Structures are given as structure tokens and as C-alpha cells.
Amino acid sequence: MKKIIMPTIPKYLIKFLADLKENNNREWFISNKSTYESARKEFMTFVDALIVELAKADTSIAHLTAKDCVFRIYRDVRFSTDKSPYKTNIGAYISAASRKTEIRDMAGYYIHISPGDSMLAGGAYMPQGPWLQAIRQEIAYNPDEFISIIQSPEFTKYFGTMEGEKLIKAPKGYAADHPLIGLLRHKSFLAMHTLSDEKVISDEFFNHCINVFRAMLPFNSFLNRSID
């Protein structure tokens, strides 16, 4: 039987990003742009393969390609005190949202590669008012289901506990002694899985991403159901 070769992240991508962090200027980037373009091409192939495999379980993303999901390396410095022209990471956000800029509008699958700071993540990152209210309502209406998701062996294996910034006080419309107040005070509802550089460039990384993101699917589906 012919062995199936899984896509991988090129080993030189980590080094390129580390070097970029030390040389974040246009002259250096132009001199090394061919390396970046090669790495980006391989990353796009990796993300395309991820989409195909994940879509077997989450059909809402089946229409996407890496082009829809991978972020540009160029930073928008118009409103930032940091004028460094380039991001020192490469990443993609895979969700049914029509644009990758809609990261706060729908839960999806986020892959972030940065030397010493890589991760796989998902959930609702700082959702806007209407969605945030809808999530809280969905949790209040279906507490047993949500708790079973975030306490399931599959979820805790990869993510530990749900993360995300919280309000200091109870959100509007909920009593301070509400039995679910610890969950309802969340402003973000995140599943986060950190990665070592060695894991990112390993031959098993693709399968690891699939396992992590499949474990995340019930969590994402619950959050997205709140706005269906």
C-alpha cells in the first residue's frame, strides 16, 4: 500500500520568523523575500489540506481555501506606535465567516506559528455585543450541555480549561449570585493549545492539528449555534 505523505511545516520557517524579529525592516525582508514566499507557499498547502480534512466533520468550512484564511505578513501601522512593518508570525483563521477579518464574528480554527509562541486556538475572541449576549443566553439556557463540552475528556486533554478575559462584575441582565456567573462573566470564550517549535516542524504535526481541531468542534458549534 502506498504511504500517504502528510503536509508539513518547513523547518526553515521558524528560523526565518526568528530572523525577521531581529531584522524587522524593509531592506532585510526584500533581501530574504524568496525564503518567505517559499515558506508561505508550503504553509498555504498545509492549510488547504487542513481545510479538506476538517470539512469532513465540519461542512460549514468546505467552501474555503487557504487564500481565504491565511493572514498577510504586512502590519497595518497606521494607528500603532509600533511601526515595525512585518508580523513575526504566520497564521490562518478557518471559519465559515466570509472574511478572515471577521475573527470576532464566528468561532473557527486558528493556527498561529511564531518562534517559541505557537498555538492552535478557537472559540469566540472578544465577540461583539449581539453575539456576546447570544452566547451568554445560550449558556444560560443550556448549561449542562456547555459544561459537558468544556469538561469532556477530549476538551481537557488539549485545552485544559476554557480561557478568556472576564468582567469583574456580573454582566447586565444576570444576578451576581447566578449559578453560572463564573462562565457568564467571560468576554471571550477560548480554547487554546500551546505548541513547541519541535512539534510545529515535526512530521506528525498535521495529524496533531486535526486531532486538536476535532476536539474543538463541539465547543465551536455551541458558540456558533447561538447566532443561528
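Here the structure is a predicted model, which means the values were calculated and not measured.

Novice: Residue-level account of the environment of S84, with values.
Specialist: Tracing the backbone through its elements, the reader meets S84 in the loop between α4 (66-69) and β1 (90-94). Judged by its relative accessible area of 22%, S84 is partly exposed. Along the backbone, S84 and R26 are 58 residues apart, and their C-alpha atoms lie at a distance of 9.2 Å. With sequence-adjacent residues up to four places away left out, S84 is seen in contact with N24, R75 and V77. At 2.7 Å, the side chain of S84 forms a polar contact with the side chain of D82.

Novice: Can you lay out the environment of K199 for me, pointing to particular residues and giving the numbers?
Specialist: Structurally, K199 can be placed in helix α9 (residues 197-200). With 81 residues separating them along the chain, K199 and S118 place their C-alpha atoms 9.5 Å apart. Once residues within four sequence positions are removed from consideration, K199 is found in contact with E204, F205 and H208.

Novice: Please set out the pattern of salt bridges residue by residue, giving values where relevant.
Specialist: Under the defined criterion, the tally for this structure stands at nine salt bridges. Between K15 and D19 there is a salt bridge, with its nearest N and O atoms 2.7 Å apart. Here K15 pairs with D19, and both are found in helix α1 (residues 11-22), just four residues apart, close to one helical turn. According to the relative accessible area criterion, K15 is exposed, its value standing at 54%. E53 serves as the salt-bridge partner of K56, at 3.1 Å between the closest nitrogen and oxygen.

Novice: Lay out the side chain of S226 in plain terms, naming residues and giving numbers.
Specialist: Relative to the helices and strands, S226 is located in the segment after α10 (205-225). One polar contact links S226 to W131, side chain to side chain, over a distance of 3.2 Å. Apart from residues lying up to four places away in sequence, S226 is in contact with W131, A134, I135 and E138.

Novice: Quick one: what's the story with helix α6 (residues 143-150), residue by residue and with numbers?
Specialist: Each α-helix turn comprises 3.6 residues. Residues three or four places apart therefore point the same way. Those residues of α6 lying buried are F146, I149 and I150. Considered in projection along α6, the buried side chains sweep an arc of 90° and stay on one side of the axis. Its buried side turned inward, α6 meets α5 (129-141), α7 (153-159), α8 (181-184) and α10.

Novice: Give me the lowdown on the packing of aromatic side chains, citing residues and values where you can.
Specialist: Overall, the coordinates contain 16 aromatic pairs when judged by the stated rule. On the basis of an interplanar angle of 35° and a centroid distance of 5.6 Å, the ring pair of F16 and W28 is categorised as tilted. Taken together, the residues F16 in helix α1 and W28 in helix α2 (residues 26-31) connect sequence positions twelve residues apart. For F16, a relative accessible area of 4% gives the class buried. On the basis of relative accessible area, W28 is assigned to the buried category, the value being 17%. Between F29 and Y74, the ring centres sit 6.1 Å apart and the planes meet at 70°, which makes this aromatic pair edge-to-face.

Novice: Explain the sheet that holds β1 to me, using residue names and the numbers behind them.
Specialist: Sheet strands line up and pair through hydrogen bonds in the backbone, either parallel or antiparallel. Strand order across the open sheet formed by four strands is β1-β2-β3-β4, with antiparallel pairing between neighbours. Strands with a single pairing partner mark the edges of an open sheet, and in this sheet they are β1 and β4 (189-195). Strand after strand, the sheet turns through a mean of 15° between neighbouring axes, direction not considered. Across five bridges, β1 lies against strand β2 (residues 108-113) in antiparallel orientation. By the bridge assignment, A92 is partnered in β2 with I111. Each of β3 (118-124) and β4 is contacted by α5, which is oriented at about 95° to β4, the strand it contacts most.

Calculation notes
Residues numbered from 1 in each chain as written. Predicted model: local features only at pLDDT ≥ 70, side-chain atom pairs only at ≥ 80, totals over all residues. Heavy atoms only, no water. Helix = DSSP H or I, 4+ residues; strand = E, 2+ residues; numbered from the N terminus. Buried < 20%, exposed > 50% of the residue type's maximum accessible area, 1.4 Å probe, protein only. Contact = heavy atoms within 4.5 Å. Polar contact = N/O pair within 3.5 Å; in protein donor to acceptor, adjacent residues only side chain to side chain. Salt bridge = Lys/Arg side-chain N within 4 Å of Asp/Glu carboxyl O. Arc of directions from axis to C-beta. Phe/Tyr/Trp six-rings, centres within 6.5 Å; stacked < 30°, edge-to-face > 60°. Pairing = 2+ DSSP bridges. Axes fitted to C-alpha atoms, helices over the stretch in contact; angles between N-to-C directions.

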